[in-house]
Amino acid sequence: MEHVTLDVTDGVATVTLDHPEMRNALTSGVATDLIAAMDEVPDDARCVVLAGNGSTFCAGGDIDAMVEGLDSDAPAHERVQRIVDETAGAVRAVATCDLPTVAKIHGPAYGAGGALAIACDVLLASESASISFGFRQVGLNVDSGASHLLPRMVGENVAKELLFTGELIDAERADEVGLFNQVYTDDEFDARVSGTVDRIASGPTVALRQSKRLVEQGPTSSLDEAIENEAAAQIVSASTDDHEEGVRAFVASREPEFDGE
């Protein structure tokens, strides 16, 4: 992979967009590499962190490719298919990961880069972070799955506002509307993110995977269906070594040491 790196340390798989000269835009190469990196996250990983190298998290779609497409007179359906296969494909690869995912956002996340950020389960931002869904700026409607992901986070009316205006909102505003889980000062950003990631990665991995899936199913489930789904998942979680460790640690008034199994 040329423009995305994958590092796995202590169960944390860090996937970094590494094309700072293009502000980590989802060019064909970056998008393809990101899909490959997510596919290569090892089975024994316990958490995935998505970050961007440099001053920008992700500058969104590949504007140069859009210009080339217009200049080549390529039909619209061919140009859109690239978005579906590559840009949206990269967002889908992150959104469908069954491990807990954390977006580490320092600097702007534009357009499809915003969609990539909200594809993660937990969004941790520095005070220098910003985010937009400015597809309108290039005369396009929302894409890359943001029409599905964004309303679930901020509600339909706020989602429409962000899409209609294309406004680049700062970290404070993003925190207010529920896009960012936490905003940290630039000085403490790395340390605070590491603390949260370590907490997630040291958890009972099987149970957290089940919880992620159940929460995602929740909006389309009735209460009775949710309870049934939880019970079925609990059979899996209750059969793990981590469940036994958690119970015994609780009784002994000590911190559990989950091994992810």
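Residues numbered from 1 in each chain as written. Predicted model: local features only at pLDDT ≥ 70, side-chain atom pairs only at ≥ 80, totals over all residues. Heavy atoms only, no water.

Just checking my understanding: could you explain the state of the cysteines for this structure?
By definition, a disulfide links the sulfur atoms of two cysteine residues through a covalent bond. Scanning all chains against the criterion turns up zero disulfides. The structure places no disulfide on Cys47, whose sulfur is separated from the nearest cysteine sulfur, that of Cys97, by 8.9 Å. Between Cys58, a free cysteine, and Cys120, which holds the nearest cysteine sulfur, the sulfur-to-sulfur gap is 11 Å. (Disulfide = S-S within 2.5 Å.)

How should the environment of Asp198 be read in this particular structure?
Locating Asp198 in the fold gives a position in helix H8 (residues 189-201). Judged by its relative accessible area of 48%, Asp198 falls in the partly exposed class. When the C-alpha positions of Asp198 and Cys47 are compared, they lie 8.8 Å apart, and in sequence the two are 151 residues distant. (Helix = DSSP H or I, 4+ residues; strand = E, 2+ residues; numbered from the N terminus. Buried < 20%, exposed > 50% of the residue type's maximum accessible area, 1.4 Å probe, protein only.)

I tried to follow the pattern of salt bridges on my own but got confused; where do I start?
Pairing is possible between side chains that carry opposite charge, provided their charged atoms lie close to one another. Considering all chains together, one arrives at eight salt bridges under this definition. Between Asp121 and Lys212 there is a salt bridge whose closest N-O contact spans 2.9 Å. Highlighted residues: Asp121 in the loop between helix H4 (112-118) and strand E6 (122-126) and Lys212 in helix H9 (residues 205-217), separated in sequence by 91 residues. Take Lys212: its relative accessible area is 11%, and that puts it in the buried class. A salt bridge links Glu245 to Arg254; the shortest N-O distance between them is 2.7 Å. (Salt bridge = Lys/Arg side-chain N within 4 Å of Asp/Glu carboxyl O.)

Where do I start with the packing of H9 against helix H10 (residues 223-238) in this structure?
The relative placement of two packed helices comes down to the angle between their axes together with the axis-to-axis distance. Where H9 contacts H10, the two axes come as close as 9 Å, and the packing angle between them is 170 degrees. Classified by the interaxial angle, the pair formed by H9 and H10 is roughly antiparallel. The segment H9 lies against H10, with Val206, Ala207, Gln210, Arg213, Leu214 and Gln217 engaging Asn229, Glu230, Ala233, Val236 and Ser237. The residue makeup of the contact of H9 with H10, split by class, is five nonpolar, four polar and two charged. (Axes fitted to C-alpha atoms, helices over the stretch in contact; angles between N-to-C directions. Parallel < 35°, antiparallel > 145°, perpendicular 65-115°, else oblique. Contact = heavy atoms within 4.5 Å. Nonpolar A, V, L, I, M, F, W, Y, C, P; charged D, E, K, R; others polar.)

Mind showing me how you'd approach the nonpolar core here?
Nonpolar side chains tend toward joint burial in soluble globular proteins. Counting 51 residues, the largest nonpolar core has Leu34, Ile105, Leu116, Ile131, Leu179 and Phe180 as its most contacted members. Contact partners of Leu179, with chain neighbours within four places excluded, come to Ile118, Leu123, Ile131, Phe133, Leu150, Met153, Val154, Leu162, Ile169 and Ala174. Grouped together as the second largest cluster of nonpolar side chains are 11 residues, Val12, Val102, Phe189 and Ile200 included. (Core = buried A, V, L, I, M, F, W, Y, C linked by side-chain atoms within 4.5 Å.)

Help me understand the environment of Phe133, please; the structure alone is not making it clear to me.
The residue Phe133 is located in the loop between strand E7 (130-131) and helix H5 (146-154) in this model. Taking the relative accessible area as the measure of exposure, Phe133 reaches 2% and is therefore buried. It is 7.3 Å that separates the C-alpha atoms of Phe133 and Glu167, two residues lying 34 residues apart in sequence. Every residue in contact with Phe133, bar those within four places of it in the chain, is listed here: Gly111, Gly114, Ala115, Ile118, Leu150, Leu162, Leu163, Gly166 and Leu179.

Is there a simple way to think about the sheet that holds strand E9 (residues 182-184) in this case?
Backbone-to-backbone hydrogen bonds join strands into a sheet, with any given pair of strands oriented parallel or antiparallel. The mixed open sheet is built from six strands, whose spatial order is E1-E2-E3-E4-E6-E9. Pairing within the sheet leaves two strands with one partner each, and these edge strands are strand E1 (4-9) and E9. Recorded for the sheet is a direction-independent mean angle of 20 degrees between the axes of neighbouring strands. As paired elements, strand E2 (residues 12-17) and strand E3 (residues 47-52) share six bridges and run parallel to each other. In the strand pairing of E3, Ala13 is matched with Val48. Helix H1 (residues 28-40) rests against E1, E2 and E3 of the sheet, and its axis sits at about 20 degrees to E1. (Pairing = 2+ DSSP bridges.)

Everything listed here is a matter of geometry and, on its own, says nothing about what the molecule does.
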